[in-house]
Amino acid sequence: DWFHPWPQEALLSVAKRFLADVDLGSDEVRLNVVQFMAFAHKSVNETSEVYAAAEKRHNYTTPKSFLELISLYKSMLAGKRKTILEGIERLESGLIKLQSTTDDVEKLKGELKLQQVEVDRKKQAADALLERVGKETVIVQGEQEKAGVEEAKMAVKAQEVGAKQADCAKELEKAEPLIERAEKALNTLNKANLTELKAFPKPDPAVANVMACVMYLLSPPGKLIKDVSWNNIKKVMGSVDQFLQSLVKYDKEHVPDTSLKAVKPIVADENFNGDFIKSKSVAAAGICEWARNIVAYYEVYCFVQPKRDLLAQANADLETSQASLREIQRELDKLNAKLKELTDEFERATNEKNRVIAQAEATAKRLDLANRLVGGLSSENTRWSNAIDRLKHTDTIIVGDVLLAAAFISYIGAFDKFYRDDLVNNKWLPYLREHAVPMSDGLADPISLLTDDAEIARWNNEGLPTDSVSIQNATIVTNCARWPLLIDPQLQGVKWIKKREQARGLVIIRLTQPKYLDTLEHAIQDGLPVLIENIEESIDAVLDPVLGRQTIRRGRNLIVKLGDKEVDYHKNFRLFLQTKMANPHYKPEIQAQATLINFTVTEKGLEEQLLALVVNKERPDLEETKSDLLRQQNEFKILLKQLEDDLLSRLANASGDILADTELIENLEKTKRTANEIEQKVLVAKETAISIDAAREGYRPVAARSSMLYFLLNSLWKIDNMYHFSLKAFTAVFYRAIERTEKSAEVDKRVFNLIDTITFTVFQYANRGLFERHKLIFSTQLCLKILAERGEVDPLELEFLLRGTQLPPERENPFSDWMSDSAWMMITALKEIEAFQRLPSDMEAGNKRWKEWCDYEKPEEEKLPQEWKSKTTMQKLCIMRALRPDRLTYAVTDFVREKLEQRYVEAQPNNLADIFEEGGPTTPIFFILSPGVDPVKELEALGRKMGYTEETKKYRNISLGQGQEIEAERALDTMYPAGGWVMLQNIHLTKKWLGALEKKMEAIVEHFEKLEHSTDGEYANFRLFLSAEASPDPLNPTVQPGVLQACIKITNEPPQGMKANMRRALANFNQDTLESCAKQNEFRTILFTLCFFHAAVLERRKFGPQGWNIPYNFNTGDLTISVDVLFNYLETNSIVPYDDLRYMFGEIMYGGHISDDWDRRLAMTYLERLIRPALLEDSSTELAPGFPVPPVGAIQDYRTYIEESLPAESPVLFGLHPNAEIGFLTNMGTNLFTTIQSLQPQQAGAGGGMTREEKVKDALEDILEKLQTDFDMKEMYARVEERTPYVSVCLQECERMSMLITEMRRSLKELALGIKGDLTMSERMEKLMSALFVDQVPDSWTRVAYPSLKSLSMWFVDLLARIKQLDSWQADLNTPASVWLSGLFNPQSFLTAIMQTAARKNTWQLDKITLSTEVTKKSKETLGPAPKEGAYIHGLCLEGARWDSSSGMLRESLLKELYPQMPVMHLRAVTLDKAENRDVYRCPMYKTRKRGPTYVWTLNLKTKEKEFKWILAGVALLLSE
């Protein structure tokens, strides 16, 4: 339910709420933006439905898509506004600095003149001072010599004092550690542990000794404390803080002698140390260490003190000498002061002189720099000013530009170029402009807002194709809010991603590889980009939290759940998804989490790539230069952008006076100079590129043709899903064709040769993989494409040719004696084309000549009558389409032969040896199987020639089935490294394993490509062969496209025709078989007859419903088992049991396939005519006209008899009329063009300039105008007086018709509103639109209508006629004189009503009566009133025979009269005993020529012929052609 579309109100409400806080200029603009978002969302829904209907591609939008659009818009708008503001600020800063510099230039010139005068004056003053300084310097130097003598004496004394001082210091250094240890010991003391110590009631003796030592040390000088009891100690420690301070501040250099004497014995005790005391008390240990170090220090101090006294005396002597020196120095200082004063004055004068010189130089330099800056950046001034204006303008219109870009990124990725352009140009842009949303006037491509040339150039260098769609895709990849999911069948997008993300440590995984979750987990944690390759349509649910970015914040970290783990989510983690499926169908929940991006190559994009390839092959020098030039130009674009950014950045970030920063200006000059050089190189490169492009353009026709060929191949899957071709395989064929092409020095001749060879090589490559029924379709489509390239196809003529358009004629058919009404309606439609306007009048003028031409057996080989003989072949085809559709296949073959060559229509033999050479270790050969053909024999014969057999262990043949998958994988693993061959048969039987096979094939390709010398090893000899049956449903493949794309495909179909089928039937037996039965004559004759029967029932299928109502898959097993039954019956019976044999063959062996009663009657009739005594009794008995039973002989005699005696292929061989072939060929021609039409682009407008919408609008308006309202059933029921069976039929028919009319009017009005834009286009409306466009009856109408094979235009004419009959009937509720039976929904009900009426009147039992058929000689127009008994019916036609009114009998059809009309028939009910059963043919009646499920009734028609004749001829009554 979550994916059900939101209503318009919900979209508007949500958008309005989320955009409430965004500055959009005004409330009016805000409202328009909100409305556009809802409009964009709904328009994408509509386009997705159109896309699904036209292209069979699925795209979904969800509420999450809409929320992503809003979120993306807000972030992009904020980002763009920030970028614009920063750009304006940078440019304005640069301009301000440039303007400021310009203003400074003149000012600096004036300053420089004044500064030069000042420099001259300062120079003269400095020179005078220099002379005075020289004189004073001489006097000072004399005094300095005297002072020098005294200084020498002083130095000797100072040296002596220094030695003594060093000696004292050395001794004192020893005492320093002692003090440090004492202080460190005190640091261990604190109030707590001292208080604890004080609290001891009776301390340990060692502790008591420590405290006694302290008491002695703290004793005043000359007064030793003698009471060192614990109580006295505790008193001294009364205040713990004071006690501690007394220790800290203890005078360590003046320990009283009495105290020292008292403590020495204590300190000398070996237990008086911190380590020992610590076990007693921590505090006591600290005090102990303090006391020991204080005593030690004092002893050192006492030793050094005498030396310090001597040092003091030496210092006093030194001071006396220094006083004398100071006096001398004072005198010298006075002289020096005077000299310094002069020197300072000189320096000041010199500095002033230098200052003004430097100032003048700086001014000159600033002037120079200013001139350089202004001159160098003068061109930027105007450009930057314009850029500022542009940015300011952009800021006012960014609302609409970003809105378009956000919608583009959010929604556009899944569509191809046509639908992208349609959304942007035909829906979004007109809406934005109509609603006055501010935006750029010329903005047609939102990509320009999201990227720039430099970025695009960088992408191209990374391998991104240069076409516009690829650039759009790359822009979406780099800007989308959801993870990108690339639809990339040609692997071009993934190639770019790999190159782009390689430097960031790209991790590549597949969901099929073991432990991929562990790899993903590490990448998420490390913030690495991850590419998940080759995903299918479903994605493992364990990845949902990662796909949906369902992160949880835990503290500073983001967490994401991965399976049963919680993984740290790195902010730099990026995920890319890729599928190589050409048309995947992803569910809405996946599309809600990922942004679908369609990387499928475009025809124009592929053309550019193929141009590069062909030029690289033909002119490698040219392509190398082009490639280098392109790379260089891309680099130039990137560098120019960097240089301009650097220029602005330097200017913007320059602080203070810019002219003072020489380095900055020099860098600016360098940047500008480099930019100018690059611009010059760009100009040169562009000129070079023009000349290179001109040379390359000579090869463009080759690339254009090749691109067209690939897309033609790529469309063939629409015919049958076995037809899949990869771009990689196509490129290999393309290269091979180039190598095969005849050389020529002339470019034009070489290009012609290339086009010719490539076209035919690709044709051969594809053609050998097509079924026979599709080969002419492919040739014709190729021919039409080539002619369209040349401009030789008129769209209107092509449209008529493909559709076989019919229009209601304005007048009766003037050629009714030789032209069918359907042909006349086609001529009427053809007249609408300008070239055929005179065709009807010219035909009337030359009626005899046109009839003569139409009666030719092969009119395609004859010239058209009158001046029409000069018409083009295409125009002749159009006339053939109308007048002789049965010869269309031959005419089209001639058309292709004329426009291309004979080789495009002749059979191409599949030589396995040649095809083998085209394959390789990475290119398997795929056999598409057909019944009765075994390619293994041919393959094994080739293997024997080349030494690859099971005996040499170089060949493995595995027939796939249950349990054989492992054996197949083992064979691949073994044979690939050994260079052997592997044949995997019937891979369609292991559909689930095909995914694993595809992965195995990919692994082989990847491994082979990694080998440096792959062609030298055994790997190069490896070959893989595959075989599978074609899918019964062409559009539902039994083999995965990925497997098919990688292979060279070969179809193996048996030859068609009666002779080929008889050969194959007889080939199942040998001479031993013939001799195995005792009754030789009977066995051999009936066996040969069974072979004929088997061939006939097989070949009869080609005639469609006239051959068999339902096509059955009779097979060789039916024949061989029937022969086994024949052998057993002949061996066990004395006489031939013909009845039993016919029953066994017709009801059981072959009859086991048959599900239709009329087909069963046909099979039994065949056998009654073939398996009968006359086979052996009368040698002239014929199996078919002109083909008598052969004389009894050997197996070779029978083979010879088939070759020599079997008449030419003809419907007569099967008991059918020659007209059956006309019908068969007509159907072939119709199917040919119907299929080609299905390959045409669905977006194309109708010919003559009308768009698809215009044509559909015209059609629906025409239908609505002519279609009456439904019947008033209430009024009709009210008028019924007696509800007779006939009245009941009338009421039922009117009700059914009312339902149909109601549905038609409803759906057409709904579609009209959709085309107008008032309603959202639904998928149902799009299907209706497509049907109207191609002139087909819509499915929604068919469900409530009646079976019909007519085109829409003719179906509508038929519908109006039906309505007219019902309208007349219901007016008075009286049964019409003659009922147009074909015009009823349920004709059975009317026929039953005839019987019911008679039963009521005569009181008969309904099951005891039947209908008697009398064919009158009257037409509807000459008929009188309704009969008293039964009813007249008309509107029926015959197929396979005609009614001869003169004799009142069935007769053989006239040639080319396929559906002769029946006269009015009188049907009445009779009792079974009175029913006429002699000389009649029980003729089935069907609603359409499709027969089968459209069966209505059985009527008895008079005949003088035996009934089997008409049964074998497939004669039936049809209510409609």
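What you are looking at is a predicted structure, and each value in this text was computed from that prediction instead of being measured. (Residues numbered from 1 in each chain as written. Predicted model: local features only at pLDDT ≥ 70, side-chain atom pairs only at ≥ 80, totals over all residues. Heavy atoms only, no water.)

Asks: Give a description of the overall build of the chain that names residues and reports values.
Replies: Scanning the chain for helices and strands turns up 54 helices and 25 strands. In summary, the chain has a C-alpha radius of gyration of 54 Å against a globular reference of 36 Å for 1521 residues, an excess of more than 25%. Taken over the C-alpha atoms alone, the chain extends approximately 170 × 95 × 80 Å along its principal axes. Taken over 1521 residues, the chain has a buried fraction of 50%. The contacts in the chain between residues at least 6 apart in sequence include a share of 75% that link residues at least 24 apart. (Helix = DSSP H or I, 4+ residues; strand = E, 2+ residues; numbered from the N terminus. Rg over C-alpha atoms; globule rule 2.2 N^0.38 Å. Buried < 20%, exposed > 50% of the residue type's maximum accessible area, 1.4 Å probe, protein only. Contact = heavy atoms within 4.5 Å.)

Asks: Give me the lowdown on the sheet that holds strand β11 (residues 981-985), citing residues and values where you can.
Replies: What the 5 strands build is an open sheet, ordered β10-β11-β12-β9-β13; its pairing is parallel. Single-partner strands in this sheet number two, and they are β10 (955-959) and β13 (1048-1051). For this sheet, the mean angle separating the axes of adjacent strands, direction not counted, is 15°. Across the sheet, helix α35 (residues 965-978) lies against β10, β11 and β12 (1023-1029), angled at about 165° from β10, the strand it touches most. (Pairing = 2+ DSSP bridges. Axes fitted to C-alpha atoms, helices over the stretch in contact; angles between N-to-C directions.)

Asks: Go over a negative patch on the surface with me, naming the residues and quoting the values.
Replies: Where like charges cluster on the molecular surface, the negative patch consists of Glu-1253, Glu-1254, Asp-1258, Glu-1261 and Glu-1265. Relative to the helices and strands, Asp-1258 is located in helix α47 (residues 1252-1266). (Patch = residues over 30% accessible without salt bridge, like charges linked within 9 Å, V, L, I, M, F, W, Y side chains within 5 Å. Areas by Shrake-Rupley, 256 points an atom, 1.4 Å probe, with all protein chains shown as cover. Salt bridge = Lys/Arg side-chain N within 4 Å of Asp/Glu carboxyl O. Lys, Arg positive; Asp, Glu negative; His and termini not counted. Charge placed at Lys NZ, Arg CZ, Asp CG, Glu CD.)

Asks: Got a sec to walk through the packing of aromatic side chains? Specific residues and values, please.
Replies: Two descriptors summarise a pair of aromatic rings, namely the distance from one centre to the other and the angle between the planes of the rings. Scanning the model with the defined rule gives 51 aromatic pairs in all. Arranged with centres 5.8 Å apart and planes meeting at 75°, the rings of Tyr-569 and Phe-573 form a pair that is edge-to-face. Per residue, the accessibility class of Tyr-569 equals that of Phe-573, and both read buried. Taken together, the ring pairs in this structure connect Phe-1093, Trp-1108, Tyr-1112, Phe-1114, Tyr-1150 and Tyr-1166 into an aromatic cluster. Looking at Arg-17, its charged tip hangs above the ring of Phe-18, at a distance of 5.5 Å from the centre. The ring of Trp-1380 carries the charged tip of Arg-1362 above its face, separated from the ring centre by 5.9 Å. (Phe/Tyr/Trp six-rings, centres within 6.5 Å; stacked < 30°, edge-to-face > 60°. Lys NZ or Arg CZ within 6 Å of the ring centre and 35° of its normal.)

Asks: Tell me what's going on with the sheet that holds strand β17 (residues 1409-1415), and back it up with residues and numbers.
Replies: As summarised here, the arrangement of the 4 strands in space is β16-β18-β22-β17, forming an open sheet in which the pairing is mixed. Only two strands of the sheet have a single neighbouring strand rather than two, namely β16 (1378-1380) and β17. Strand-to-strand twist in this sheet, taken as the mean axis angle between neighbours without regard to direction, amounts to 35°.

Asks: Describe helix α43 (residues 1157-1170), with residues and values.
Replies: Relative to the 20 Å expected for 14 residues at 1.5 Å per residue, α43 spans 20 Å between its end C-alpha atoms, a close match to the ideal helical length. For α43, every residue scored as buried is listed here: Trp-1158, Asp-1159, Arg-1161, Leu-1162, Ala-1163, Met-1164, Thr-1165, Tyr-1166, Leu-1167 and Leu-1170. With a side-chain oxygen lying 2.9 Å from the backbone nitrogen of Trp-1158, the N-terminal cap of α43 falls on Asp-1156. (Expected span 1.5 Å × (residues − 1). Polar contact = N/O pair within 3.5 Å; in protein donor to acceptor, adjacent residues only side chain to side chain.)

Asks: Residues and numbers for the environment of Asn-1128, please.
Replies: Relative to the assigned elements, Asn-1128 resides in helix α41 (residues 1116-1132). Residue Asn-1128 is classed as partly exposed on the basis of its relative accessible area, which comes to 44%.

Asks: Give me the lowdown on the side chain of Glu-797, citing residues and values where you can.
Replies: Within the secondary structure, Glu-797 is located in helix α27 (residues 795-803). Those residues in contact with Glu-797 that lie beyond four places of it in its chain are Ile-833, Ala-835, Phe-836, Met-874, Gln-875 and Cys-878.

Asks: I'd like to hear about the pairing of strand β5 (residues 557-562), residue by residue, with values.
Replies: On any regular strand, side chains alternate: one points to one face of the sheet, the next to the other face. Summarising the sheet, strand β4 (residues 551-554) and β5 pair through 4 bridges and their orientation is antiparallel. Looking at the pairing, Thr-551 lines up with Val-560 of β5. Here β4 hands over to β5 after 2 residues, with Gly-555 in that stretch at a positive phi of 65°. Here β5 folds back onto strand β6 (residues 565-568) in antiparallel fashion, the turn holding 2 residues, of which Gly-563 has a positive phi close to 70°.

Asks: Lay out the side chain of Ser-1389 in plain terms, naming residues and giving numbers.
Replies: Mapped onto the fold, Ser-1389 is located in helix α53 (residues 1387-1402). We classify Ser-1389 as buried; its relative accessible area is 13%.

Asks: Tell me about unusual backbone geometry, residues and numbers included.
Replies: Glycine aside, residues mostly have negative phi angles, and peptide bonds mostly take the trans form. Positive phi, close to 60°, is recorded for Leu-491, a residue that is not glycine. Looking at the secondary structure, you find Leu-491 in the loop between β1 (483-487) and α16 (492-501). For Leu-491, a relative accessible area of 38% translates into the label partly exposed. In the Ramachandran plot, Asn-534 falls in the positive-phi region, its phi being about 50° despite a non-glycine side chain. Looking at where Asn-534 falls in the secondary structure, it is placed in the loop between β3 (529-533) and α18 (544-547).

Asks: So what's going on with the nonpolar core? Which residues, and what values?
Replies: Counting residues in each nonpolar core, the largest one holds 136 residues, and the members touching the most others are Trp-1341, Trp-1355 and Phe-1390. Aside from chain neighbours lying at most four places away, what touches Trp-1355 is Leu-1300, Met-1304, Val-1337, Trp-1341, Ala-1345, Tyr-1346, Ser-1348 and Lys-1350. Counting residues in hydrophobic clusters, the runner-up holds 134 residues, among them Leu-754, Tyr-765, Phe-771 and Leu-912. (Core = buried A, V, L, I, M, F, W, Y, C linked by side-chain atoms within 4.5 Å.)

Asks: Residues and numbers for the packing of helix α32 (residues 888-899) against helix α46 (residues 1219-1238), please.
Replies: Between α32 and α46, whose axes approach to 8 Å, the crossing angle comes to 50°. One way to sum up the angle between α32 and α46 is to call them oblique. Facing Leu-888, Thr-889, Tyr-890 and Val-892 of α32, the residues of α46 in contact are Leu-1225, Met-1228, Gly-1229, Leu-1232 and Phe-1233. (Parallel < 35°, antiparallel > 145°, perpendicular 65-115°, else oblique.)

Asks: Any details on the pattern of salt bridges? Residues and values, ideally.
Replies: A full pass over the atoms with the stated rule returns 64 salt bridges. One salt bridge in this structure joins Lys-775 and Glu-772, with 3.1 Å as the shortest N-O distance. Note that Lys-775 and Glu-772 are positioned in helix α26 (residues 772-790) at a spacing of 3 residues, about one turn of the helix. Its salt-bridge partner being Arg-838, residue Asp-842 comes within 3.3 Å of it at the nearest N-O pair. Judged by its relative accessible area of 9%, Asp-842 is buried. Several salt bridges converge on common partners, so that one network encompasses Lys-498, Arg-510, Glu-533, Lys-580, Glu-998, Glu-1002 and Glu-1006.

Asks: An account of the state of the cysteines is requested, with residue identities and associated values reported.
Replies: According to the stated counting rule, one finds 0 disulfides in the structure shown. Free of any disulfide, Cys-213 has its nearest neighbouring cysteine sulfur in Cys-288, separated by 7.9 Å. Overall, the relative accessible area of 0% leaves Cys-213 in the buried class. Sulfur of Cys-1077: no disulfide; nearest cysteine sulfur belongs to Cys-1091 and is 15 Å away. (Disulfide = S-S within 2.5 Å.)

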